[in-house]
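Descriptive analysis of the structure
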Amino acid sequence: MLGAPGAGKGTQSALLAEKIGAHHISTGELFRSAIAEGTDIGKKVKEYVDRGDLVPDKLVVDVVTEKLKSFTAEESFILDGFPRTIEQARALDKFLEERQTPLTHIVYIDVPNDKLLERLRIRIEQSGSQARSDDSEEVFAHRLKVYWEETAPLIEFYKEKGVLFSVDGLGTPEEVSKRVLEVLK
Ligand code: AMP
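**Topic: the overall build of the protein chain**
- When helices and strands are tallied, the protein chain shows 9 helices and 5 strands.
- Radius of gyration (C-alpha) of the protein chain: 16 Å, near the 16 Å computed for a compact globule of 185 residues.
- Within the protein chain, the proportion of its 185 residues that are buried is 41%.
- Taking all contacts inside the protein chain whose residues are at least 6 apart in sequence as the whole, residues at least 24 apart take part in 71%.
- Computed over 26 positive and 33 negative side-chain charges, the inter-centroid distance for the protein chain is 1 Å.

Here you go:
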């Protein structure tokens, strides 16, 4: 599931996982719980996550491949927020090729920047003091910049491979979810 921060990757991945009976792996969630639990990985990634920077590729790839190794070749999974760089995408390709389960679909949730900022403002207003440290407007703006510089090139990368499916990310979660299911058919 590919898309900018705030595009709805997490929501759509959760809905899809439930509808098709797949595992949902969110690297952002894995990191947030590692930070909350104070594990070694949590300590290593905290500064990056707090700043809205990307965690180094090797660390992310190790965490994801470790997780995927626990699934059989018959199990389906949705990767939410991974890969986020071309290097991560190459490492994922290599891992999946060796496993003989090549990647089938990249769902790109397309939401314009002004809408992303509007959604963030609503999220900040609703959560009040509960806002996550990487959810402040400043950090969010940085995350958007990082997304356009480091992650958006994946759109072309996967388009060329013929596995990119774009979905209009505007509307209610259920409306977007229907579009996601439609492109997966
Ligand atoms: P997310 O919940 O997917 O927006 O991720 C929250 C934060 O976790 C990001 O801002 C990054 O700091 C880190 N993160 C999550 N996934 C990745 C990834 N694939 N590569 C690098 N950093 C990541």
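**A look at the site of the ligand**
- Around the ligand there are 15 residues in total, and Thr27, Asp53, Gly81, Gln88 and Arg143 lie nearest to it.
- In the environment of the ligand, a nitrogen atom lies 2.7 Å from a nitrogen or oxygen atom belonging to the side chain of Thr27.
- The separation between an oxygen atom of the ligand and a polar main-chain atom of Asp53 is 2.6 Å.
- When isolated, the ligand has an accessible area of 480 Å², and the protein chains bury 95% of it.
- Listing elements by their share of the shell around the ligand, those giving two or more residues are helix H2 (27-37) and helix H3 (40-51).
- Looking at the shell around the ligand, the element that brings in the most residues is H2, giving 4 residues.
- A class-by-class count of the residues in the shell around the ligand yields 7 nonpolar, 4 polar and 4 charged.

**Re helix H9 (residues 173-184)**
- End to end, H9 covers 17 Å across 12 residues, agreeing with the expected 16 Å (1.5 Å per residue, within 8%).
- Among all positions in H9, only Val176, Ser177 and Val180 are buried. The buried residues of H9 occupy one face: seen down the axis, they fall within an arc of 105 degrees. Opposite the packed face of H9, turned more than 90 degrees from it, sit the exposed residues Lys178 and Glu182.
- Tucked into the core, H9 has its buried residues touching helix H1 (9-20), strand E4 (106-110) and strand E5 (164-168).

**Considerations on the sheet that holds E5**
- Read from one edge of the open sheet, 3 strands run E1-E4-E5, paired in parallel fashion. Single-partner strands in this sheet number two, and they are strand E1 (2-3) and E5.
- Relative to E4, E1 runs parallel, the two being bridged by 2 bridges. When the bridges of E4 are listed, Gly3 appears paired with Ile109.
- Sitting on the sheet, helix H8 (residues 153-161) touches E1, E4 and E5, and the angle it makes with E5 is about 130 degrees.

How each quantity is defined
- Residues numbered from 1 in each chain as written.
- Predicted model: local features only at pLDDT ≥ 70, side-chain atom pairs only at ≥ 80, totals over all residues.
- Heavy atoms only, no water.
- Helix = DSSP H or I, 4+ residues; strand = E, 2+ residues; numbered from the N terminus.
- Rg over C-alpha atoms; globule rule 2.2 N^0.38 Å.
- Buried < 20%, exposed > 50% of the residue type's maximum accessible area, 1.4 Å probe, protein only.
- Contact = heavy atoms within 4.5 Å.
- Lys, Arg positive; Asp, Glu negative; His and termini not counted.
- Charge placed at Lys NZ, Arg CZ, Asp CG, Glu CD.
- Near = heavy atom within 4 Å.
- Polar contact = N/O pair within 3.5 Å; in protein donor to acceptor, adjacent residues only side chain to side chain.
- Areas by Shrake-Rupley, 256 points an atom, 1.4 Å probe, with all protein chains shown as cover.
- Nonpolar A, V, L, I, M, F, W, Y, C, P; charged D, E, K, R; others polar.
- Expected span 1.5 Å × (residues − 1).
- Arc of directions from axis to C-beta.
- Pairing = 2+ DSSP bridges.
- Axes fitted to C-alpha atoms, helices over the stretch in contact; angles between N-to-C directions.

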